[in-house]
Amino acid sequence: MAARTALLIGTPKGAFILDGDASRRDWQLRGPLCEGWAIHDISVDPESGAILAGGASPWYGPAVWRSNDTGSTWTHSSEGLTYDDDGPKLTTVWNVTAARGAIYAGVEPAGLFRSVDGGTTWEHVAGLTNHPTRSDWQPGNGGLILHSIVPHRTDPARLWVGISAVGAFETRDGGLTWETRNRGVRAGFAPDPYPEFGQCVHKLVMAADGGEHLYQQNHCGVYRSSDGGEQWEEVTSGLPSEFGFPMAAHPRDPMTVWTIPLNGADQGRFMPDGSAAVWRTHDGGESWIRSGDGLPQHNAYIGVLREAMAVDGLDPVGVYFGTSTGQLYGSADEGRSWALIADNLPPIWSVETMALG
Amino acid sequence: MAEGPAVVHMPRSLVALFPGAPRRLEARGITVAEVIDDLDRQIPGLRNRLLDVGPALRTHLNVFVAGVRADLDTPVPPRAEVHIIPAVSGG
């Protein structure tokens, strides 16, 4: 197969790019990029091929970076990326996702911004901030952050977002109005375990068939929905823990997703028993398969954060994850076996794949 | 308007965000805020890197006018030396 893959990596000390060969075995590292800014998320605009990176500098504030030449040169902008002078200080960008001519940025404190000029200027999607529940949103351990942005595959008016300790929302009118999408999702830490909102979604992904089929890794379990999040069904059974951050969906099989359970919210948040593994389902979460083949099985007290797992579009699918201790692991056989791709990086906050010509 | 422009000294980490921008350039204004406005005209986007909501100088940035720490309202005398200096922070 001639296609090559690049891995885009966000860290608190800049972005990095791993350029792979066609076998996905040899990787060459470039970086740090984006002037060493703390990059929470890095992704690709599927239409333009531009790389987008969202984050902040401790000195110069938040911005979205853009590269039109696979990471060789970069520009940045935060024009309009503000709650204005009477609003709260926007501290950083947690997610940047492009879809059908628009780029969305999820920020802290939680809110959504949109750019329709390639990231040069931004406008606040005020409909979400104006949601009647907003005054009761409380930050999670990582802050009050909008970290997941899931565009509908064909309908540009529909979009889902995930906000930690608040839950999932959907708009069907291009962001003017939003509805909570948390029914069936547990908030095990709350007096009412099934509230309208307040669930701690950790990562929201869309299945390969698009449209109505979603999965989420939550603070309290793993869930799937077949109706666009109006109702969720818990599919945690079979996993070693209900807690974890990242999740990735197969690019062609809607029943296959990968997740990385961590031992527990209050138990250190590392791989259970210090034994590293990625778990996958091929039946929509009815059953789960563990793979630690090629991963450290002893004394591996490593964590993986919400954006730090990604899949490529090849056959078989490549699966990649980065650890909060700076290792990048990859699998070229859909998560059955693993190899160390890079080590000694800063803590890895995000991983994304990019198809190269 | 001041009789002569201020001379602004910018840190490496700031000019690196704007390819081609100089470390030292002249800017006009009778206050720090006005000088920053003029810098932004010369280097579009620079204001967003220096100012937070308020507007106010970003928390970990310091501006000195003629060697004295300043805020946005501080007067800038003609031909004053203005230094923009990132705070020593991070890990």
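What you are looking at is a predicted structure, and each value in this text was computed from that prediction instead of being measured. Numbering of residues starts from 1 in each chain and follows the order in which that chain's sequence is written. Chain letters and ligand numbers both follow the written order, the letters beginning at A and the numbers at 1. Only residues with pLDDT of at least 70 are given local features in this predicted model, and only at 80 or more are side-chain atom pairs given and counted; all residues enter the totals for whole chains, interfaces and linings. Each side-chain value is derived from all of the structure's non-hydrogen atoms; neither hydrogens nor water enter the calculation.

1. Brief notes about the overall build of chain A
Piece 1. The helix and strand labels rest on DSSP assignments: H or I over at least four residues marks a helix, E over at least two residues marks a strand, and numbering proceeds from the N terminus. Counting secondary structure elements, chain A contains 1 helix and 28 strands.
Piece 2. For chain A, whose C-alpha radius of gyration is 19 Å, the value lies close to the compact-globule estimate of 21 Å for 357 residues.
Piece 3. Along the first, second and third principal axes, the C-alpha atoms of chain A reach 50 × 50 × 35 Å.
Piece 4. Classification of residues uses two cut-offs on accessible area relative to the type maximum, computed with a 1.4 Å probe and protein chains only: under 20% is buried, over 50% is exposed, and between them is partly exposed. Evaluated residue by residue, chain A yields a buried proportion of 61% over its 357 residues.
Piece 5. Considering only contacts within chain A whose residues lie at least 6 apart along the sequence, 50% involve residues at least 24 apart.
Piece 6. Accessibility throughout is a Shrake-Rupley quantity obtained with a 1.4 Å probe, and a residue counts as covered only by protein chains that appear here. Accessible surface for chain A amounts to roughly 13100 Å². Of this, 50% is attributable to carbon and sulfur atoms.
Piece 7. Charge-centre separation for chain A: the mean point of 24 positive side chains lies 3 Å from the mean point of 42 negative side chains. For a compact globule the rule gives 2.2 Å times the number of residues to the power 0.38, and the radius of gyration it is set against comes from C-alpha atoms. Only heavy atoms matter for contacts: two residues are in contact if any of them lie within 4.5 Å across the pair. The charge count includes Lys and Arg as positive and Asp and Glu as negative, but it does not include His or the ends of the chains. Taken as the charge centre is NZ of Lys, CZ of Arg, CG of Asp or CD of Glu, depending on the residue.

2. Quick look at the sheet that holds strand β28 (residues 350–356) of chain A
Residue and element names in this part refer to chain A.
Piece 1. Read across the sheet, 4 strands follow the order β3-β2-β1-β28 without closing on themselves; strand pairing throughout is antiparallel. Bordering the open sheet on either side are β3 (27–33) and β28, each of which pairs with just one other strand. If you compare each strand with its neighbour and ignore which way they point, the axes differ by 20° on average.
Piece 2. Judged from the 7 bridges that link them, strand β1 (residues 4–11) and β28 form a sheet pairing that is antiparallel. In short, DSSP must find at least two bridges between two strands for them to pair. Axis definition: a line fitted to C-alpha atoms, limited for helices to the stretch in contact. Angles are taken between N-to-C directions and run from 0 to 180 degrees.

3. Overview of the interface of chain B and chain A
Piece 1. Counting residues at the interface gives 21 residues for chain B, matched by 19 residues for chain A.
Piece 2. Taking both partners together, chain B and chain A bury about 1600 Å²; carbon and sulfur atoms supply 48% of that area.
Piece 3. Counting the surface chain B buries against chain A, the share from its top three residues, L17, R49 and V53 of chain B, is 37%.
Piece 4. Think of a salt bridge as a Lys or Arg side-chain nitrogen and an Asp or Glu carboxyl oxygen that are within 4 Å of each other. Taken together, the connections running from chain B to chain A amount to 2 salt bridges.
Piece 5. Any pair of N or O atoms that falls within 3.5 Å is considered a polar contact. Within protein, one atom must be able to donate a hydrogen and the other to accept it, and sequence-neighbouring residues count only if both atoms are side-chain atoms. The tally of links from chain B across to chain A stands at 12 residue pairs in polar contact (both at pLDDT 80 or more). In this description, buried area is defined as the sum, over both parts, of the accessible area (probe of 1.4 Å) that is lost when the two are combined.

4. Let's talk about the environment of T129 of chain A
Residue and element names in this part refer to chain A.
Piece 1. Inspection of the secondary structure puts T129 in helix α1 (residues 126–129).
Piece 2. In the structure, T129 is positioned 48 residues away from T177 in sequence and 9.8 Å away in space, judged by C-alpha atoms.
Piece 3. At a separation of 2.7 Å, a polar atom in the side chain of T129 contacts the side chain of H124.

5. Section: the sheet that holds strand β13 (residues 159–163) of chain A
Sheet strands associate in pairs through backbone hydrogen bonding, adopting either a parallel or an antiparallel arrangement.
All names here are of chain A.
Piece 1. Pairing is antiparallel across the open sheet formed by 4 strands, whose spatial order is β12-β13-β14-β15. Each edge of the open sheet carries a strand with a single partner, namely β12 (146–151) and β15 (179–180).
Piece 2. In this sheet, β13 lies alongside β12 in antiparallel orientation, the contact comprising 5 bridges. If you follow S148 over to β13, its bridge partner there is G162.

6. Observations regarding unusual backbone geometry
Residue and element names in this part refer to chain A.
Piece 1. Of note, the bond from E108 into P109 is cis; its omega dihedral lies within 30 degrees of zero at -5°.
Piece 2. Its location among the elements puts P109 in the loop between β9 (102–108) and β10 (111–115).
Piece 3. In this model, D315 is joined to P316 through a cis peptide bond whose omega is 0°.
Piece 4. Along the chain, P316 falls in the loop between β24 (309–311) and β25 (319–322).
Piece 5. One non-glycine residue, C34, lies in positive phi territory at about 60°.
Piece 6. Considering the arrangement of structural elements, one finds C34 in the loop between β3 and β4 (38–44).
Piece 7. The backbone of E35 sits at a positive phi, close to 55°, despite the residue not being glycine.
Piece 8. Tracing the chain through its elements places E35 in the loop between β3 and β4.

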